[in-house]
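Spelled out, the chains give:
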Amino acid sequence: MTQKITPYKDSALGKKEQVAQMFDNISGDYDNLNRVISFGIDVKWRKKVLKIVADKAPKTILDIATGTGDLAILMAETKAEKIIGLDISAGMLKVGEMKINAKDLSKRIEMVLADSEKIPFDDNTFDAITVAFGVRNFENLETGLSEILRVLKPGGVFVILETSVPTKAPYKQGYTFYSKNILPLIGKLFSKDNSAYGYLSESAAAFPFGEAFNNILRKIGFIDVVAMPQTFGVATIYSASKK
């Protein structure tokens, strides 16, 4: 990412610490706001991620930037024996643990407080790794992706769901208006953190997507890199593997 976007412009903290603080602040509102902001379409996108992962029949799955655990919980529909949800926000993980317990999935899903740029697992540990709306929050994108490559098993699958920007009219203009005007307004109305949804909008607009992000994945060392735009290009699913 050429431009460094942070949640709090006047904070002396680094991006990583700011992101953790931001998600702690909005953890109680996050799930409901996410559904409103995406009109519920994010559920459909996550199910596509599930299918890609399930087709590989993984035994171990790591969901990075798991937040409140939506994708980790969905991964329980695979036959994976162990699913780890990792995040730097204790507040988000607390909400996720409540959801996991309510679904009686605590024996299969474990929530771990950790930095995605310093993943606390050995090399070649996981059959599948997922990230939904999280890679743009990495302070050092290439460091985080290198860590993911390290802990992914050879032949394993890495699947990312991330926001992107439509390139064709009128979707491009509509997306720009919505992300700059409507999304931050919704955040201000329904969240106690006025900066959070402005940051989420700005970081989405600044993040490389499509072939630009494919090239970053290839540079890190991933193979079989594919980008699959979703819903007129407002999001993209990326899949990759490891030699």
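In short, a report on the structure. Here the structure is a predicted model, which means the values were calculated and not measured. Counting from 1, residues in each chain are numbered in the order their sequence is written. Local features in this predicted model are restricted to residues of pLDDT 70 or higher, and side-chain atom pairs are both shown and tallied only at a pLDDT of 80 or more, whereas totals for entire chains, interfaces and linings draw on every residue. Side-chain calculation: all heavy atoms of the structure are included, whereas hydrogens and water are not.

## A closer look at the overall build of the protein
Here is step 1 of the chain: Helical segments are the DSSP runs of H or I of at least four residues, strand segments are the runs of E of at least two, and each set is numbered from the N terminus. When helices and strands are tallied, the protein shows nine helices and seven strands.
Here is step 2 of the chain: Radius of gyration means the value over C-alpha atoms here, while the globule rule gives 2.2 Å times the residue count to the 0.38 power. Taken over the C-alpha trace, the protein has a radius of gyration of 17 Å; the compact-globule value for 243 residues is 18 Å, and the two agree within 12%.
Here is step 3 of the chain: Its C-alpha atoms give the protein principal-axis dimensions of about 45 × 40 × 35 Å.
Here is step 4 of the chain: For the exposure calls, accessible area comes from a 1.4 Å probe over protein chains only, and a residue counts as buried if that area is under 20% of its type's maximum, exposed if over 50%, partly exposed in between. Put simply, the protein has 243 residues, and 55% of those count as buried.
Here is step 5 of the chain: Here, two residues are considered to be in contact whenever any of their heavy atoms come within 4.5 Å of each other. For the protein, contacts bridging at least 24 residues in sequence account for 72% of all contacts bridging at least 6.
Here is step 6 of the chain: To measure how exposed things are, a 1.4 Å probe is used in the Shrake-Rupley method; for residues, cover is taken only from the protein chains shown. Of the roughly 11,300 Å² that the protein leaves accessible, carbon and sulfur atoms contribute 55%.

## Let's talk about unusual backbone geometry
Here is step 1 of the chain: Cis geometry is adopted by the peptide bond preceding Pro170, which originates at Ala169 and carries an omega value of 0°.
Here is step 2 of the chain: For Phe39, which is not a glycine, the phi torsion comes out positive at approximately 60°.
Here is step 3 of the chain: Checked against the element boundaries, Phe39 lands in the loop between α2 (30-37) and α3 (41-54).
Here is step 4 of the chain: Despite not being glycine, Ala57 has its phi angle at roughly 50°, a positive value.

## Things to note about the side chain of Ser116
Here is step 1 of the chain: Tracing the backbone through its elements, the reader meets Ser116 in the loop between β3 (109-113) and β4 (126-132).
Here is step 2 of the chain: Apart from the residues lying within four places of it in its own chain, the contact partners of Ser116 are Ile64, Leu86, Ile88, Phe138, Gly144 and Glu147.

## A look at the environment of Asn214
Here is step 1 of the chain: Checked against the element boundaries, Asn214 lands in helix α9 (residues 211-220).
Here is step 2 of the chain: A sequence separation of 25 residues divides Asn214 from Ser239, and the C-alpha atoms of the two residues are 9.3 Å apart.
Here is step 3 of the chain: When neighbours within four sequence positions are excluded, Asn214 is seen to be in contact with Val225, Val226, Ala227 and Tyr238.

## Observations concerning the pairing of strand β6 (residues 223-230)
In summary, the side chains of a regular strand alternate between the two faces of the sheet.
Here is step 1 of the chain: Relative to strand β7 (residues 235-241), β6 runs antiparallel, the two sharing six bridges. Following the sheet pairing, Ala227 is matched in β7 by Tyr238.
Here is step 2 of the chain: The hairpin turn running from β6 into β7, its antiparallel successor, is four residues long, and Thr231 in that turn takes a positive phi close to 45°. Paired strands, in this sense, are two strands between which DSSP finds at least two bridges.

## A few points about the nonpolar core
Here is step 1 of the chain: Of all hydrophobic cores here, the largest spans 29 residues; its most connected members are Leu145, Ile148, Phe158, Phe213 and Phe222.
Here is step 2 of the chain: Contributions of two or more residues to this core are made by β1 (60-64), β2 (82-87), β4, α6 (141-151), β5 (152-163), α9 and β7.
Here is step 3 of the chain: At five residues, the largest contribution of residues to this core is made by α6.
Here is step 4 of the chain: Core analysis: the next-biggest nonpolar cluster, separate from the first, contains 26 residues, Trp45, Val53, Met75 and Ile237 among them. Definition of nonpolar core: a set of buried residues of the types Ala, Val, Leu, Ile, Met, Phe, Trp, Tyr and Cys, connected through side-chain atoms within 4.5 Å.

## What to know about the environment of Asn25
Here is step 1 of the chain: The residue Asn25 is located in helix α1 (residues 15-26) in this model.
Here is step 2 of the chain: Along the primary structure Asn25 and Pro229 are separated by 204 residues, whereas in three dimensions their C-alpha atoms are 31 Å apart.
Here is step 3 of the chain: Polar contact criterion, stated in full: a pair of N or O atoms within 3.5 Å, where within protein one must be able to donate a hydrogen and the other to accept it, and residues adjacent in sequence count only if both atoms are side-chain atoms. A polar contact of 3.3 Å, which involves the side chain of Asn25, links it to the side chain of Tyr8.

## Observations concerning the packing of aromatic side chains
Here is step 1 of the chain: Aromatic rings from Phe, Tyr and Trp, taking only the six-membered ring of Trp, are treated as a pair when their centres fall within 6.5 Å; an angle between ring planes under 30 degrees marks them as stacked, one over 60 as edge-to-face, and anything in between as tilted. Per the stated rule, a full pass over the model turns up eight aromatic pairs.
Here is step 2 of the chain: The interplanar angle of 10° and the centroid separation of 4.1 Å between the aromatic rings of Tyr171 and Phe232 together place this pair among those described as stacked. In this pair, Tyr171 sits in helix α7 (residues 171-190) while Phe232 sits in the loop between β6 and β7, placing the two residues 61 residues apart along the sequence.
Here is step 3 of the chain: Ring plane angle 50° and centroid distance 5.3 Å describe the contact between Phe207 and Phe213, whose orientation is recorded as tilted. Each member of the pair Phe207 and Phe213 is classed as buried.
Here is step 4 of the chain: Of the aromatic side chains, those joined through ring pairs into one cluster are Phe207, Phe213 and Tyr238.

## Digging into the packing of α7 against helix α8 (residues 196-206)
Here is step 1 of the chain: An axis is simply a line fitted to the C-alpha atoms; with a helix, the fit covers only the stretch in contact. Between two such axes, the angle follows the N-to-C directions and lies from 0 to 180 degrees. Where α7 meets α8, the closest approach of the two axes is 8 Å, and the angle between their N-to-C directions is 160°. Between α7 and α8, the angle falls in the class roughly antiparallel. When the axes of α7 and α8 are compared, the crossing they make is right-handed. Residues Tyr175, Ser179, Lys180, Leu183, Pro184 and Gly187 of α7 form the contact with α8, whose own contacting residues are Tyr197, Gly198, Ser201 and Ala204.
Here is step 2 of the chain: Residues are grouped as follows: nonpolar covers Ala, Val, Leu, Ile, Met, Phe, Trp, Tyr, Cys and Pro; charged covers Asp, Glu, Lys and Arg; every other residue, Gly included, is treated as polar. Classifying every residue of the contact of α7 with α8 gives five nonpolar, four polar and one charged. Angular relationships are summarised with four words: roughly parallel below 35 degrees, roughly antiparallel beyond 145, roughly perpendicular across 65 to 115, and oblique for the angles in between. Definitions for this section: a left-handed crossing has its near helix turned counterclockwise from the far helix by less than a right angle. A right-handed crossing has that turn clockwise.

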